[in-house]
Structures are given as C-alpha cells and as structure tokens.
Amino acid sequence: MRRGYFTDWENAGSSRNLLPHEFVHSWNGKYRRGANLWTPDFRTPMEDNLLWLYEGQTQFWGYVLGARSGMLSKEDTLGALASTAATFANATPGRAWRPLVDTTNDPIIASRAPQPWRSWQRSEDYYSEGLMIWTDVDRIIRQQSGGRGSMDDFARAFFGMNHGDWGVLTYTFDDVVATLNRVQPYDWAGYLNRRVNEVAPQAPLEGFTQGGYDLVFTEEPTNWIKVAEKRAKNTDLTYSGGFVVGNDGAITSVIWDGPAFDAGMTVGSTLLAVNGRTFDADSLKAAIKAAKGSNQPVRLLIKNGDVYRTIELNWNGGLRYPRLVKRGKAPGTLDALLAPR
Ligand SMILES: [Zn+2]
C-alpha cells in the first residue's frame, strides 16, 4: 500500500478493506480453493469459474470484518456498499448479455489491462457482485432461520476445519450448495444458478433492499465518494450524466448508453471547457446542477487527438450520488451482519 495506510486515516477509505480481505484469503483461496483452480503442475491450465466464492466471498468478508473490527466505520461501509450496489444496478448494462460466471474468465482474457466500454463488456465483476450475492445469502439465512443462522455459520462449516492441515482442500459448486443446505435448507442450487450462471439483467440488490435499507440517490455525495474523488483526483458523474473526468480533464469512464455516451463522449478524450468557460471540477458540477429540471443541454468542449468539438450533454437530473438509507427503526439483517461480535 501507499504510505499513509494507517496514519492518514481519513483519506485511505477505499483501500481500508484490503487488510481484512487478504487476511480472509488464508482460509478462502489459500486453504479452500475451487477444484479446477488447483492444478498439479504448471502445464495444466487453471480454470476460474468458482472465483465468485474465492474472491466474491472474500470481498464480502473484507467489508464485513472491516465494519466489525472498526477498520472502516459503519457509515463508510454503507457508503461503499451503496456505490457497489449502484454500479451493478444502474451502471452495468453489460449484465443484459454477460452472466457473472463468465466474468471469472477476465483475468485470463484481459490480463487486467484497461478495457474499453467496461460497463458494457463487464470486467472482474465476480468480486463486487459476488459481495452482493453473499450479502443476500446472509439475509436469506437470517430470515429463514428466524435470526439463528448467518454467513458466520457457513464460514465456520466451510473454512473452519482440519486444524493444522497446511494443504489445499478443493471444492466444487455442489460442495458449496451442500454446506449452505446444512446451515439452512433452501433452494441454494437454483438461487446460485440464477445469480451466477445465468444472464441476470437485474442486480442482486435484495441483501440491501430486503435487509433493511433502500438504495437512493441524493445530491450530496457520501463521505465514501468524497474521499474516493479526492484520492483519485477526479469528478464522478456516473449517475449525473454517465462519465468520470479527472481534474486534468481526462475522460476516464463513459457509461455505455448513458447521456455522455449519447452525446458522443469517449474515454481518452479531454474536457477543456464547460458552457464556454475553462473546465474545472467545481464549474462542471455547478453547470450540471444549473441544468437540473431545465431542457438546456450542458455544452462541453472536447479535444480528441487534434480534433476539437463541442458536444451537448442532455442531462437534466442534476447531481446524483448513491447511498443506502435505513428503512424504519428496527435493525435489519444488514445491521446484524455488520455489528461487531
Ligand atoms: Zn482477493
């Protein structure tokens, strides 16, 4: 990690889950591993189709243990989960054609190189969409068991075994389903097939939305987003026109089929001016705010190579940032999951 991981406590939010994440890999990934990801020699290709457990559940425990231990406040954890939920519910049109399991091939296909039109192609989505699925599995176990069971029981049963065994114990899809059924009988095979193996146009939001929270969009960003923008030196308008622009004007993300996409904006171009005046983050946000509710486009001067052109961004919804808002007073399953033990 960069210097400041522990000392610059306020500004390291987005990397804070790294330590609990890697800690969890001792069990999930190092000890337990998908059967076809374990290979006897370097000639045998590894296959990644169970990474939604290896990485997806590690991503889940990374945030859960982060919140439980205080590595990340509950508020920031909810901020991170809201950003994840919104990404897959509102900014991943590629889920209309590509099932989650297929994204486990991305480390092999793409070698972690930057990809064009990521929202349409999808990328290593098994990490964070995996987190959402395991959050929902926890919600189902808690609701079906009347609060007696949780993902902690799955972890104990699946990872907490054979003390002193330093080898690798492999598993298959059916082993995962069998352990879930021992924790809480349910149609886990059907559930995981629908979420993981089939094309699933709807994001798996139920761990949040049926776990006591609503995913809403507000004009004020969460602390999580503010820290992330400061750290990345950019302006995140993913839900406010459909693009991300660096403080230097570099367009780093354009959401497929969004308003910026429709205006002809592409990654790799540079934003020079907003409504005829020199671009900076504050003036861009002010222009988007001013266009709210009007039928006036925001005019953006874009440079691509040596070509300059003005495009019209037709976005009149103002600034929008995702957050999870508690529904009612009683603790939901998500509150129970994140509570320190
Ligand atoms: Zn990992």
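Rules of the game
The written sequence of each chain sets the order in which its residues are numbered from 1. Per-residue local features are limited, in this predicted model, to residues with pLDDT of at least 70; the limit for side-chain atom pairs, both in listing and counting, is 80 or more; totals at the level of whole chains, interfaces and linings are taken over all residues. Water and hydrogen atoms play no part in the side-chain values, which are based on all heavy atoms of the structure. Aromatic pairing here means that ring centres of Phe, Tyr or Trp (its six-membered ring) are within 6.5 Å. Orientation follows from the plane angle: under 30 degrees is stacked, over 60 is edge-to-face, and everything else is tilted. In DSSP terms, a helix is any run of H or I states spanning at least four residues, a strand is any run of E spanning at least two, and both are numbered starting from the N terminus. Burial status follows relative accessibility: with a 1.4 Å probe on protein chains alone, a residue under 20% of its type maximum counts as buried, one over 50% as exposed, and anything between as partly exposed. What marks off one domain from the next here is an automatic or database domain assignment. Contact criterion: two residues are considered in contact whenever any of their non-hydrogen atoms come within 4.5 Å of each other. The term buried area refers to how much accessible surface (probe radius 1.4 Å) is lost by two components on association, counted for both of them together. Every case where a carboxyl oxygen of Asp or Glu lies within 4 Å of a side-chain nitrogen of Lys or Arg is listed as a salt bridge. Polar contacts, as used here, are pairs of N or O atoms within 3.5 Å; protein pairs need one atom able to donate a hydrogen and one able to accept it. Residues neighboring in sequence count only if both atoms are side-chain atoms. Only Asp, Glu, Lys and Arg are considered charged in this grouping, and only Ala, Val, Leu, Ile, Met, Phe, Trp, Tyr, Cys and Pro are considered nonpolar; every other residue, Gly among them, is considered polar. Any two strands between which DSSP finds at least two bridges are classified as paired.

Draft legend 1. Here's a closer look at the packing of aromatic side chains. In total, this model carries 20 aromatic pairs according to the counting rule given. Ring centres of tryptophan 117 and phenylalanine 261 lie 5.3 Å apart, and the angle between their planes is 75°; on these two criteria the pair is classed as edge-to-face. Of this pair, tryptophan 117 sits in the loop between helix H6 (106-110) and helix H7 (118-121) while phenylalanine 261 sits in helix H14 (residues 259-262), placing them 144 residues apart in sequence. Accessibility expressed as a relative area gives 26% for tryptophan 117, which makes it partly exposed.

Draft legend 2. Region of interest: the domain arrangement of the protein chain. The domain architecture assigned to the protein chain consists of domain 1 (9-217 + 330-338) and domain 2 (240-313). Summarising the inter-unit geometry, the C-alpha centres of domain 1 and domain 2 are found 34 Å apart. Each partner contributes residues to the interface: domain 1 has five residues there, and domain 2 has six residues. For domain 1, the biggest contributors to the area lost against domain 2 are Trp117, Ser119 and Trp120; these three give 78% of the whole. Our count for the contact surface shared by domain 1 and domain 2 stands at zero salt bridges. Counting across the domain 1 and domain 2 interface gives one residue pair in polar contact (both at pLDDT 80 or more). Its residues assigned to classes, the side of domain 1 that touches domain 2 shows four nonpolar, one polar and no charged.

Draft legend 3. Fine view of the sheet that holds strand S7 (residues 270-274). In spatial order, the strands read S8-S7-S9-S10; together these four strands make up an open sheet with antiparallel pairing. Every other strand in the sheet has two partners, leaving strand S8 (277-278) and strand S10 (307-313) as the edge strands with one partner each. Direction of pairing for strand S9 (residues 298-304) relative to S10: antiparallel, over a ladder of seven bridges. If you follow leucine 300 over to S10, its bridge partner there is isoleucine 311.

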